Amino acid sequence: MTTETTAALRARVAELFPALQADLEALVRIPSVSAAAFDQAHVAASAAATEQLLRDAGLPDVQILSALRPDGTSGAPAVVARRPAPEGAPTVLLYAHHDVQPPGDPATWDTADPFEPTQVGERLFGRGAADDKAGIVAHLGALRTLGLPDGADLPVGVTVFLEGEEESGSPSFRAFLEAHRDLLAADVIVVADSTNWKVGVPALTTSLRGLVDGEVELRALEHAVHSGQFGGPVLDAVTLMSRLVATFHDEAGDVAIEGLVTAPEPQVDYDEAALRADSSLLDGVALAGTGTVSGRLWAKPALSVIGMDVTSVAAASNTIAPSCTAKISLRLAPGQDPAAADAALSAHVAKHAPFGAQVTWRSGEAGKAFLAPGDTAAMRAARAAFTEAWGAAPVDIGVGGSIPFIADLLEVFPDAAILVTGVEDPDSRAHGANESVHLGELQKVVLAEALLLTKIGEGL
Ligand SMILES: [Zn+2]
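Residues numbered from 1 in each chain as written. Predicted model: local features only at pLDDT ≥ 70, side-chain atom pairs only at ≥ 80, totals over all residues. Heavy atoms only, no water.

*Asks:* Can you help me understand the overall build of the chain in this one?
*Replies:* Along its length, the chain carries 13 helices and 18 strands. Its C-alpha atoms give the chain a radius of gyration of 24 Å, near enough to 23 Å, the size a compact globule of 460 residues would have. Counting over 460 residues, the chain shows a buried share of 52%. Summarising the internal contacts of the chain: among those between residues at least 6 apart in sequence, 80% fall at separations of at least 24. Roughly 19,400 Å² of accessible area belongs to the chain as shown, and the carbon and sulfur atoms make up 53% of that amount. Mean positive and mean negative side-chain charge positions of the chain (30 and 60 charges, respectively) differ by 2 Å. (Helix = DSSP H or I, 4+ residues; strand = E, 2+ residues; numbered from the N terminus. Rg over C-alpha atoms; globule rule 2.2 N^0.38 Å. Buried < 20%, exposed > 50% of the residue type's maximum accessible area, 1.4 Å probe, protein only. Contact = heavy atoms within 4.5 Å. Areas by Shrake-Rupley, 256 points an atom, 1.4 Å probe, with all protein chains shown as cover. Lys, Arg positive; Asp, Glu negative; His and termini not counted. Charge placed at Lys NZ, Arg CZ, Asp CG, Glu CD.)

*Asks:* Quick question: what am I supposed to make of the sheet that holds strand S9 (residues 210-219) here?
*Replies:* Think of a sheet as strands paired side by side through backbone hydrogen bonds, with each pair either parallel or antiparallel. Strand order in this open sheet of 4 strands is S11-S13-S9-S14, and the pairing throughout is antiparallel. Looking at which strands have only one partner, the edges of the open sheet turn out to be strand S11 (302-309) and strand S14 (358-367). Within this sheet the neighbouring strands show an average axis-to-axis angle of 20 degrees, counted without direction. The strands that helix H10 (residues 338-351) touches are S9, S11, strand S13 (323-332) and S14; relative to S14, the one it contacts most, it runs at about 165 degrees. (Pairing = 2+ DSSP bridges. Axes fitted to C-alpha atoms, helices over the stretch in contact; angles between N-to-C directions.)

*Asks:* Would you explain empty space enclosed by the protein in this entry?
*Replies:* Where empty space is left can be seen by rolling a probe of water-molecule size over the atoms. In this structure the tally under the stated criterion is 2 cavities of 30 Å³ or more. In this structure, the largest cavity encloses a volume near 80 Å³. What lines the largest cavity is Val 190, Asn 196, Phe 386, Trp 390, Thr 421, Gly 422, Val 445, Ala 448, Glu 449 and Leu 452. Those elements giving two or more residues to the lining of the largest cavity turn out to be helix H11 (377-390), strand S17 (417-424) and helix H13 (439-458). One number sums up the size of the second largest cavity: a volume of about 60 Å³. Ala 76, Ala 78, Phe 161, Glu 163, Gly 164, Glu 165, Ser 172, Phe 173 and Phe 176 are the residues that line the second largest cavity. Only strand S6 (157-163) and helix H4 (173-179) provide two or more residues apiece to the lining of the second largest cavity. (1 Å grid on protein atoms, 1.4 Å probe; cavity = no way out; pocket = protein on both sides within 12 Å on 5 of 7 lines; lining within 4 Å. Points joined across faces, edges and corners; volume = space filled by probe spheres on them.)

*Asks:* Sorry, what's going on with the coordination of the zinc ion here?
*Replies:* Six octahedrally arranged donors around a metal ideally form angles of 90 or 180 degrees; four tetrahedrally arranged donors ideally form angles of 109.5 degrees. Coordination of the zinc ion by the protein involves His 97 (NE2), Asp 131 (OD), Asp 193 (OD) and Asp 193 (OD), with metal-donor separations of 1.9 to 2.8 Å. Donor residues for the zinc ion sit on one chain with the sequence pattern H-x33-D-x61-D. With a gap of 96 residues between them, His 97 in strand S3 (residues 91-97) and Asp 193 in strand S7 (residues 188-195) connect regions that are remote in the sequence. Overall, His 97 belongs to the buried group, its relative accessible area being 0%. (Donors = N, O, S within 2.8 Å, 3.2 Å for Na, K, Ca; no water.)

*Asks:* I'm lost on the pattern of salt bridges in this one. Help?
*Replies:* Should the charged atoms of two oppositely charged side chains come close, the side chains can pair. A full pass over the atoms with the stated rule returns 22 salt bridges. The shortest N-O distance in the salt bridge between Glu 435 and Arg 127 comes to 2.6 Å. Residue Glu 435 is found in the loop between S17 and strand S18 (436-438), and its partner Arg 127 is found in the loop between strand S5 (123-125) and helix H3 (133-147); the two are separated by 308 residues along the sequence. Residue Arg 127 is classed as buried on the basis of its relative accessible area of 1%. As a salt-bridge pair, Asp 213 and Lys 327 come within 3.9 Å of each other at their nearest N and O atoms. In this pair, Asp 213 sits in strand S9 while Lys 327 sits in strand S13, placing the two residues 114 residues apart along the sequence. The class of Asp 213 is buried, set by a relative accessible area of 10%. With relative accessibility at 33%, the residue Lys 327 sits in the partly exposed group. (Salt bridge = Lys/Arg side-chain N within 4 Å of Asp/Glu carboxyl O.)

*Asks:* Hey, could you run me through the pairing of S9 in this one?
*Replies:* Moving residue by residue along a regular strand, the side chains alternate between the two faces of the sheet. Of all the 10 residues making up S9, 8 are buried; the element is thus mostly covered by neighbouring parts of the structure. One ladder, built from 10 bridges, connects S9 with S13; its direction is antiparallel. Bridge pairing links Glu 217 to Thr 325 in S13.

*Asks:* What's the story with the environment of Lys 300 in this structure? I'm lost.
*Replies:* Position of Lys 300 relative to the elements: it lies in the loop between helix H9 (293-299) and S11. When its relative accessible area of 18% is taken as the criterion, Lys 300 is described as buried. Discounting chain neighbours no more than four positions away, the residues touching Lys 300 are Arg 209, Asp 254, Thr 262, Thr 290, Gly 295 and Ala 333. Within the local environment of Lys 300, its side chain forms a polar contact with the backbone oxygen of Thr 290, the two atoms lying 2.9 Å apart. (Polar contact = N/O pair within 3.5 Å; in protein donor to acceptor, adjacent residues only side chain to side chain.)

*Asks:* How should the side chain of Asp 213 be read in this particular structure?
*Replies:* A polar contact of 2.7 Å, which involves the side chain of Asp 213, links it to the backbone nitrogen of Glu 365. Other than its neighbours up to four places away in sequence, Asp 213 contacts Lys 327, Ile 328, Ser 329, Trp 361, Ser 363, Gly 364 and Glu 365.

*Asks:* What should I look at first to understand the packing of H11 against H13 in this one?
*Replies:* What describes two packed helices is the angle between their axes and the distance between those same axes. With their axes 8 Å apart at the nearest point, H11 and H13 run at an angle of 135 degrees to one another. When the interaxial angle is binned, H11 and H13 end up oblique. In the packing of H11 onto H13, the handedness of the crossing is right-handed. Contacts between H11 and H13 involve Ala 378, Ala 381, Ala 382, Ala 384, Ala 385, Phe 386, Glu 388, Ala 389 and Trp 390 from the first element and Glu 441, Lys 444, Val 445, Leu 447, Ala 448, Leu 451, Leu 452 and Lys 455 from the second. Classifying every residue of the contact of H11 with H13 gives 13 nonpolar, no polar and 4 charged. (Parallel < 35°, antiparallel > 145°, perpendicular 65-115°, else oblique. Left-handed = near helix turned anticlockwise from the far one by under 90°. Nonpolar A, V, L, I, M, F, W, Y, C, P; charged D, E, K, R; others polar.)

*Asks:* Quick question: what am I supposed to make of the packing of aromatic side chains here?
*Replies:* Here a ring pair, both rings aromatic, is described through the centre-centre distance and the interplanar angle of the planes. According to the stated counting rule, one finds 8 aromatic pairs in the structure shown. A ring pair is formed by Phe 386 and Trp 390, whose centres lie 5.8 Å apart and whose planes are at 85 degrees; its orientation type is edge-to-face. With a gap of 4 residues between them, Phe 386 and Trp 390 both fall in helix H11, about one helical turn apart. Grouping residues by exposure puts Phe 386 and Trp 390 together as buried. (Phe/Tyr/Trp six-rings, centres within 6.5 Å; stacked < 30°, edge-to-face > 60°.)

Have a look at this one:
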């Protein structure tokens, strides 16, 4: 692509950006929290609002669709908007989600209302301003930049897919893909729901951790007994559970479950001071594990005890607890098969049952990790587009969290190239209080996506 085209597109994005920002603000004002405890009318309203925006951007075929969840209830409304490919051109699926996380306690926000978008300097604050209504605006901006007024000039076929329940674990996603396979089929899939490396440095997300969880129940007695009468030779179930939990990590703090996979060390490292600040780690508390910080976050397994049933301090009596249950969450390195990880965890708790206590493992959720192929034509096109948009080369990053639906996309569309791109930066605080998007970066995201679509249209 010539520099002239890039400059022209950059000018076009700058010209269009005030209207895009206004559209983002209007979307943030819709409190489309998909969690079941919230009013789902707002999720329907955000689907309707994005449907209209896509129609106005020149996509003639726009529908609001849903599929059934495994429990038989209806999934949240998703928006699918299409413009068929020009003769011989490829089709690109542009994914984002229009639902958001709950706002949390409004008192923890510095702005008056989490759903009232507020610009401070170059950042726009509000729930969903980054995750993932900025992703919607990235797609919309690229379509307007290349295709307005009627979309006829788009260089590729486009299908925009805006999910409505990503923040609730995408329960109907797989059924949706299978029911609408023909509508969604594409040569390249762009998932705009991740992060860039930092302000000024773009990133392609090339790995995501997977997840398994479950419950370990430990039983030592038929019933509770007096701690004075039996304490000494008889240990309580909480002490026994603590000894079991202590075997999950080695002395250095690395996960000590045999047979789990570790991925290669990442290309870039995460600054230790930044991690301490971002995670609110208290002074004097050491980081756990070995290797680079980014390797520990992205390329190794991580185990957390996320719940435990024990008698509360207020209800405590001089009693030896007969049983104890803990909920365990295990993040999986890219390349780890979730079923194998679940089996390893099950074998570990059986092998390390302290003092012969009866230990039972109950498997819970499982989500696959994502590991991009080393290099594809679509990845090269994305990297070139990022470099032109930012004037800085992108880095490959991993993400410690999980987007299990990416594995579903790969399974249902095995021939498609998947690109996981970012709208966030390390200050975006997605899911937390004071979520924000950097508006200067968002302009570059829009430009990069317009450049990417152009490059894909020219042939990979
Ligand atoms: Zn998201």
